[in-house]
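Structural overview for review
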Amino acid sequence: MKIQKIVIVGGTHGNECTGPYLLNLLKDRVAVSNYSTFELSFFLSNPKAYENNVRFVDDDLNRSFLNEDLSNYALDSYEANRAKVINQVLGPKENSKTDLIIDIHSTTANMGVSIILVNDNVFNLQLASYMKFKIPNVFVYYIPPGAYTSNNDHPFLNSLAKYGFALELGPIPNGVVRHDILVQAYDATLACLEFIEKKNKGLDVNFEDEIEVYEHVKTVEFPLDSDGKINAIIHKNIQDMDYKPLEKGALIFEKLDGKAVVNHEDEIFFPVFINEAAYYYKNIAFSLTRKKKIKTVKE
Ligand SMILES: [Zn+2]
């Protein structure tokens, strides 16, 4: 198997400015001719949201790629239409002309360099393992099929290609570019391209036989008042503690009246996207994951 066509995507969420800036940086600094085994291109996915410095105009573009939505022409918001265009340009989903997509995102949560994996095929796992070798502070957050829908489909832009993943970088405010975060995004992207070039040439690449992943279990909502409004904040004890074990009895919220809310889960989960700004409108405070190891080689 050879990866022949790679697209690096930025601006899927218009106020996550690291992605679009990275695209310009890569265009400027990375000679596409450095790579002889694949075709590399760059794609700004939500230009209108980026121009307006908002996450999206009508709908979340990164939840707009379910098969049933791509074929539903009654859905005609800006992002629903944009998803159909992107499906034509980069896809089509299930029979994609693009072999591998890296979609660059950023988060207000303390998630370092997170590989958001929606397809745990062996190639993706080996690539993720290689990146853990090359770059510090890399985590793999695996979202199994069906986490967002009742069938095995995924709504993410990344699901247009079989290989690749979203890169989530943080903590960084929306609308901001930070040098340190940008360098991490740049290094992670180049490590990814380096792996593919070596692999395509049949050269040896370093990866472990198994990889530690944080598998999505569920989201946790903020406490709400009787009008359905958020009436608590994330407790300081768990702020920035992404990927750290969350013990039973740990303080997770402080309510307006000063009372703390404790974690009642019996299992020790590992929270991610703690206090992500973009999820307040959905009342989501954080997500819980289960730490596990997956084999990167076929049995
Ligand atoms: Zn994003």
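Quick note: structure is the one above.
Residues numbered from 1 in each chain as written. Predicted model: local features only at pLDDT ≥ 70, side-chain atom pairs only at ≥ 80, totals over all residues. Heavy atoms only, no water.

What follows is about the coordination of the zinc ion. Where a metal carries four tetrahedral donors, each ideal angle is 109.5 degrees; where it carries six octahedral donors, the ideal angles are 90 or 180 degrees. Of the protein atoms, only H13 (ND1), E16 (OE), E16 (OE) and H105 (ND1) coordinate the zinc ion, at distances of 2.0 to 2.4 Å. Bound by four donor atoms, the zinc ion shows angles of 57 to 149 degrees at the metal and therefore irregular coordination geometry. Each donor residue of the zinc ion belongs to the same chain, and together they define the spacing H-x2-E-x88-H. Placement of H13 in the loop between strand 1 (5-10) and helix 1 (18-29) and of H105 in strand 3 (residues 100-106) is noted, with a sequence separation of 92 residues between them. (Donors = N, O, S within 2.8 Å, 3.2 Å for Na, K, Ca; no water. Tetrahedral: all angles 85-135°; square planar, octahedral: opposite > 155°, others 65-115°. Helix = DSSP H or I, 4+ residues; strand = E, 2+ residues; numbered from the N terminus.)

Taken in spatial order, the nine strands make up an open sheet running 2-1-3-6-4-5-7-12-11, and their pairing is mixed. Whereas interior strands pair on both sides, the edge strands pair on one side only; in this sheet they are strand 2 (39-44) and strand 11 (270-272). Neighbour to neighbour, the strand axes of the sheet diverge by 30 degrees on average, direction disregarded. With five bridges connecting them, strand 1 and strand 3 associate as parallel partners. Its bridge partner lying in strand 3, V9 is registered against D103. Helix 5 (residues 122-134) contacts strand 3, strand 4 (112-117), strand 5 (138-142), strand 6 (163-170), strand 7 (210-221) and strand 12 (284-295) of the sheet and is inclined by roughly 35 degrees relative to strand 6. Along the sheet, helix 6 (residues 179-200) contacts strand 1, strand 2, strand 3, strand 4 and strand 6; its crossing angle with strand 6, the most-contacted strand, is approximately 165 degrees. (Pairing = 2+ DSSP bridges. Axes fitted to C-alpha atoms, helices over the stretch in contact; angles between N-to-C directions. Contact = heavy atoms within 4.5 Å.)

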